[in-house]
Amino acid sequence: MTTFARFASLLLAVTLFAAAAYPQYTWSPELQVKLKGLGSPEISPDGRKVVYTVNEAVMTADKSEFITHIWMANTDGRDNRQITFGDKSAANPKWSPDGSMIAFTSNRKDNRNQIYVLRVAGGEAEQITDGKGAVANFEWSPDGRSFAFTMTDPRTDEEEKDGKARNDFRWVDENVKLARLYLTTLAADAAGKREVKKIGDVGRHVTAFDWSPDGKRIAFAHVKSPVVDFWPTSDISIVDVSSGSVSVLAATEAAEANPMFSPNGNFIAASVSDLPVRWAQSNRIAIYPAGGGSPRKMAASFDGQPNMIAWKPDNGRIVFSEAKGTGTALYEATVVTGAVSESQYENSVISGITMAADGSMYAFVTQNEATAPEVHVVRSGAAATTRISSANAEYAKYTVPRTDVIKWKSKDGREIEGLLTYPMGYTAGTKVPLILNIHGGPAGVFNRNYVGGRGAYPLASLAAKGYAVLRPNPRGSSGYGVEFRRANIRDWGGMDYEDLMTGVDHVIAMGVADANRLGVMGWSYGGYMTSMIITKTDRFKVASAGAPVTNLMSFNGTADIPSFVPDYFEAEFWNDPAVYAKHSAMFNIKNAKTPTLIQHGENDIRVPISQGYELYVALKRKGVPTRMIVLPRQPHGIQEPRLQIATMQSNLDWFEKYLK
């Protein structure tokens, strides 16, 4: 049994014991939205301390937002304390190379992210940057004397003037604001000023960058536009810090991204897409000579979506992670041979993984269906991890519903996996109402996240109300390999629909689900599938569609990803209107009879709210019971706690009305 595996088993046992030791408390949306999010763990250069972030809901009479602050602890778990405070977030903490300072970004001035530095010995944070644009990301120079950072182009003086004069018309796809690469110093001059120098400007949007170990060069990835649709255009260049000269490292038809220098500076690892570039992605790690030349591609990983963590200190191996099924797998790529090997697999969600500079220790955030997220560290080769944070300790007193990983055969014999959460205190043999929950993407995946967490769908609260919830990973999902992820090409709402229906049939056959009390819900692609399902079958008594794609033709002309659907359906709608109509709920809506709740963010540019309105108006005109809740200011995900509560509660009320 691996270190992480021992930890996962111990974690689950401790959680179940703790829950049994307390009386059962009642789950609710208000409780679930208070779960704290953990992130950005980073180990100090000497290996003695770790910093991380805690994100929590703040709700007052005039405020409803999630605020992030930075905490620090010893790597033995002691002296755990908050080190930033206030009503503005502080995030993205990074140790200085000598370990004496922590830099971070905060929007505490003018509501724009800037770089700040806090000395570990104490004192107030010092603001480093003060640009008109917001800082997106930053990195310390290897000598700790300066920073490289990306900052989005601010509005010009003329644009500010036109805005005040209400003369602020704009041309679509023109004058796009880009994130560009800059340098500035840690120390201010005699006048208290710091020079800010733009470097490596190639007229493109910078997405990621990394210093060479000697501080003389910066490798950076860039795309044509910050609009998400342009991710396939990613290339990598190198800028000489002293002269400012730029050379191309990788600029092919593939998408090359996320450059990472080796410790000796001789190589640069990057994530490179296979060709042709597809939205259902297939990527590999490639190793480039830092001076330029042809790359050496590593072998394909299990899921084709490697998340690089770090080079090993020996310059010969790269550590990366991927989703695998409902859990997380860690891998090593060997540079000389190109071989990829799985080092360990966990029946839990491991995220935010970082490695100490000497490779002796890892920090990460972990959670499973029964255990709330916390930060842990583990020494390489050790038999146990050390829990660092206690941000969600209070959740140990809440009994969580049982969740099992189940498998079934789809209509064509393909094996499908999913998570089945039972009602609280479920008695075997009892038939209960079942809600089918469908994930987004379609290349998303349901993994073993804590069921008491935030979001639109309050799993623990639903279980407390007596519902079972099935979360399948149908074909098209990540975590099961590239072929599986691409098995829904030109077939949305086809065989993936059968994967879902056979999953419901399986839970009925298990004796858990009452076939006469079925509901369905999902967000984004899950909303798309929900809208398709109500045009295909009457077996569900109630539905909830969140940010649903309902009309592939109009979606393609209004969303910020107009290349997405044509790639999946391998045709523009004007070349193959029949396939777009066949796979759109709005062209089949005459068959819909299921009472349907629609939930949509008013500022959603990924799935514009017009998609929700199309479904709502059609159902109203047909006389099908429907309601639509509009979430003001919200993009594709719900970012305000009170509106998360409203979304969760409206789902609870809608299912209570039609399933109980």
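Refer to the structure presented above.
Residues numbered from 1 in each chain as written. Predicted model: local features only at pLDDT ≥ 70, side-chain atom pairs only at ≥ 80, totals over all residues. Heavy atoms only, no water.

Let us now look at the overall build of the protein. A count of helices and strands for the protein gives 12 helices and 36 strands. Whereas a compact globule of 660 residues would reach a radius of gyration of roughly 26 Å, the protein reaches 25 Å, a difference of no more than 12%. If one aligns the C-alpha atoms of the protein with their principal axes, the spans along those axes are about 75 × 60 × 60 Å. A buried classification covers 56% of the 660 residues belonging to the protein. (Helix = DSSP H or I, 4+ residues; strand = E, 2+ residues; numbered from the N terminus. Rg over C-alpha atoms; globule rule 2.2 N^0.38 Å. Buried < 20%, exposed > 50% of the residue type's maximum accessible area, 1.4 Å probe, protein only.)

Once that is clear, we can look at the side chain of T105. Within the secondary structure, T105 is located in strand 6 (residues 101–106). Look at T105 and you get buried, because its relative accessible area is 6%. Leave out the neighbours within four places in its chain, and T105 touches S89, A90, A91, N92, N113, Q114, V135 and F138. (Contact = heavy atoms within 4.5 Å.)

Within the secondary structure, G192 is located in the loop between strand 11 (179–185) and strand 12 (196–198). Accessibility expressed as a relative area gives 46% for G192, which makes it partly exposed.

So, about unusual backbone geometry. Trans peptide bonds make up the majority, and among non-glycine residues the majority have a negative phi. Of note, the amide linkage connecting L275 to P276 takes the cis form, showing an omega dihedral of -5 degrees. Tracing the backbone shows P276 in the loop between strand 18 (267–273) and strand 19 (283–289). A cis amide bond links G441 to the next residue, P442, at an omega of 15 degrees. Within the secondary structure, P442 is located in the loop between strand 31 (432–438) and helix 4 (459–464). With a phi close to 60 degrees, N111 is a non-glycine residue in the positive phi region. If you trace the backbone, N111 turns up in the loop between strand 6 and strand 7 (114–119). Classification of N111 as exposed rests on a relative accessible area of 51%. Positive phi is not limited to glycine here, since A547 has a value of about 40 degrees.

Moving on to the environment of S96. Among the secondary structure elements, S96 is positioned in the loop between strand 5 (90–95) and strand 6. A residue is classified by how much of its surface remains accessible, and S96, at 1% relative accessible area, is buried. Along the sequence, S96 and P45 sit 51 residues apart, while their C-alpha atoms lie 8.2 Å from each other. Once residues within four sequence positions are removed from consideration, S96 is found in contact with P45, M101 and W140. At a separation of 3.2 Å, a polar atom in the side chain of S96 contacts the main-chain amide nitrogen of S100. (Polar contact = N/O pair within 3.5 Å; in protein donor to acceptor, adjacent residues only side chain to side chain.)

Just distances and angles here, no functional claims.
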